[in-house]
Amino acid sequence: MIDGATDELVTIRDWLRWAVSRFNETGLCYGHGTTNAWDEAVWLVLATLHLPHDRLEPWLDAHLTRSERLALLDNLQRRVVHRLPTAYLVQEAWLGQFRFYVDQRVIVPRSYFAELLESGFAPWIDDPEGVASALDLCTGSGCLAILMAHSFPNAAVDAIDISADALVVACRNIADYHLEDRVKAIESDLFAAVKGKRYDLILSNPPYVTTEAMAALPPEYRHEPALALAAGPDGLDIVRRILAEARAHLNPRGVLAVEVGHNQDLVTAAFPDLPAVWLDTEDAEGKVFLVTREDLPA
């Protein structure tokens with residue numbers, strides 16, 4: 001990239017076209033909120049300029065000030081040259097209509113649970129208002145804990161993570177949604193800090209990337225904390241511990257649900273006797289499994 005771009009690119013339309021060309025030219029990897037060069041460019045440009053995301057057309061032919069063009073050039077250089085995900089560049093990520101602050105202390109929020117929680121986790125939760133206690137295990141940015149608080153309006157929600165740095169981010173998001181009285185951030189190695197406590201629902205999007213997959217991660221994913229991704233040779237180091245300990249932390253008829261990405265076959269092979277139910281969403285099949293308390297090992 002050259003500084004001359006700030007003189008030749010005048011409108012938002014100019015910058016979007018140029019960004020898409022550069023993204024395609026350099027073969028960027030997506031997956032932190034978008035799936036293609038166009039959506040990534042729109043997000044980066046609008047967020048950098050502090051413009052709303054829901055309408056692009058009114059701004060396309062707007063002329064940018066020099067300071068705005070310099071800010072765009074800086075973010076585009078960091079995206080292309082350093083391969084930083086846009087979420088980190090603009091310090092925001094979205095799950096549905098929910099916006100979250102993010103930085104490199106946490107992985108960029110992305111979870112199939114977001115869609116499942118839109119319906120109150122039906123049919124596995126028949127009365128969302130009856131959920132009194134819930135746990136987001138391996139909370140990261142706190143995103144799922146916040147979604148749970150909205151889906152289950154009477155629930156006290158614990159948000160657990162082993163990373164003190166991640167919990168600083170989680171607390172910021174909890175405060176942004178004014179949920180400090182209902183969502184509690186807890187530093188803990190899984191259930192260690194909540195001994196004796198039980199929940200109606202436990203959700204977890206834990207580390208589940210295999211050793212082989214970690215070695216092959218695109219540069220964008222290497223900016224995320226490895227602690228939140230790596231989970232041993234078969235990606236199940238944390239899942240094994242969760243399954244071994246979860247029953248003691250669920251109320252009768254309570255439910256555990258765990259997201260494992262592309263690892264369905266690995267889970268099935270490792271736990272052949274576990275009566276797991278694999279949940280589908282509009283965008284994916286078999287990325288999340290569910291087990292009732294009664295079906296978990298004692």
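Model, not experiment: these values are computed from the prediction.

Colleague: Tell me about the environment of Ala 134, and please be specific about residues and values.
Modeller: By the secondary structure assignment, Ala 134 is in strand E3 (residues 133-137). For the pair formed by Ala 134 and Lys 184, sequence separation is 50 residues and the distance between their alpha carbons is 11 Å. In contact with Ala 134, not counting residues within four places along its chain, are Met 148, Ala 156, Val 157, Asp 158, Tyr 199 and Leu 201.

Colleague: Quick rundown of helix H2 (residues 12-26)? Include the residues and the values.
Modeller: Here H2 is 15 residues long and its end C-alpha atoms lie 21 Å apart, about the 21 Å a rise of 1.5 Å per residue gives. Of the surrounding secondary structure, the elements contacted by the buried residues of H2 are helix H1 (5-8), helix H3 (37-48) and helix H4 (66-81).

Colleague: Please provide a residue-by-residue account of the pattern of salt bridges, values included.
Modeller: Two side chains with opposite charge may pair up if their charged atoms get near one another. Taken as a whole, this structure holds 14 salt bridges when the rule is applied. The closest approach of N and O atoms between Asp 74 and Arg 78, which form a salt bridge, is 4.0 Å. With Asp 74 and Arg 78 both in helix H4, this residue pair falls 4 residues apart, about one helical turn. We classify Arg 78 as partly exposed; its relative accessible area is 30%. When the shortest N-O distance is used, the salt bridge between Lys 197 and Asp 158 registers 2.8 Å. Here Lys 197 is found in the loop between strand E5 (183-187) and strand E6 (199-204), whereas its partner Asp 158 is found in strand E4 (residues 156-161), with 39 residues between them in sequence.

Colleague: Go over the packing of H2 against H4, please, and point to the residues and values.
Modeller: Between two packed helices, both the angle of their axes relative to each other and the distance between the axes serve to describe the pair. Contact pair H2 / H4: the axes reach a minimum separation of 11 Å and the direction vectors enclose 15°. Between H2 and H4, the angle falls in the class roughly parallel. Seen along the crossing, H2 lies across H4 with a hand that is right-handed. Here H2 contributes Trp 15, Trp 18, Ala 19, Arg 22, Phe 23 and Thr 26 to the contact with H4, which in turn contributes Arg 69, Leu 72, Leu 73, Leu 76, Arg 79 and Val 80. For the contact of H2 with H4, the residue count by class is 8 nonpolar, 1 polar and 3 charged.

Colleague: Before we move on, could you go through the nonpolar core and cite the residues and values that matter?
Modeller: Formed by 40 residues in total, the largest nonpolar core has its most connected members in Trp 15, Leu 16 and Phe 23. Looking at this core, the elements that each hand over two or more residues are H2, H3, H4, helix H5 (86-90) and helix H8 (164-176). With 8 residues, the top contributor of residues to this core is H3. If we ignore the near neighbours within four places in the chain, the residues touching Trp 15 are Ala 5, Thr 6, Leu 9, Val 10, Leu 64, Arg 69, Leu 72, Leu 73 and Leu 76. Listed in part, the 31 residues of the second largest apolar core include Phe 100, Leu 144, Ala 159 and Leu 201.

Colleague: Tell me about the layout of surface pockets, and please be specific about residues and values.
Modeller: Taken as a whole, the largest pocket spans an internal volume of roughly 1400 Å³. Along the walls of the largest pocket sit 48 residues, with Gly 31, Gly 33, Pro 109, Arg 110 and Ser 111 positioned nearest its centre. At the level of elements, H3, strand E1 (93-95) and helix H6 (113-118) are the ones that each hand at least two residues to the lining of the largest pocket. The volume enclosed by the second largest pocket comes to roughly 460 Å³. Of all the secondary structure elements, the ones that give two or more residues to the lining of the second largest pocket are helix H7 (143-151), E4 and helix H11 (237-245). The class makeup of the residues in the lining of the second largest pocket is 19 nonpolar, 7 polar and 6 charged.

Each value, and the rule that gives it
- Residues numbered from 1 in each chain as written.
- Predicted model: local features only at pLDDT ≥ 70, side-chain atom pairs only at ≥ 80, totals over all residues.
- Heavy atoms only, no water.
- Helix = DSSP H or I, 4+ residues; strand = E, 2+ residues; numbered from the N terminus.
- Contact = heavy atoms within 4.5 Å.
- Expected span 1.5 Å × (residues − 1).
- Salt bridge = Lys/Arg side-chain N within 4 Å of Asp/Glu carboxyl O.
- Buried < 20%, exposed > 50% of the residue type's maximum accessible area, 1.4 Å probe, protein only.
- Axes fitted to C-alpha atoms, helices over the stretch in contact; angles between N-to-C directions.
- Parallel < 35°, antiparallel > 145°, perpendicular 65-115°, else oblique.
- Left-handed = near helix turned anticlockwise from the far one by under 90°.
- Nonpolar A, V, L, I, M, F, W, Y, C, P; charged D, E, K, R; others polar.
- Core = buried A, V, L, I, M, F, W, Y, C linked by side-chain atoms within 4.5 Å.
- 1 Å grid on protein atoms, 1.4 Å probe; cavity = no way out; pocket = protein on both sides within 12 Å on 5 of 7 lines; lining within 4 Å.
- Points joined across faces, edges and corners; volume = space filled by probe spheres on them.

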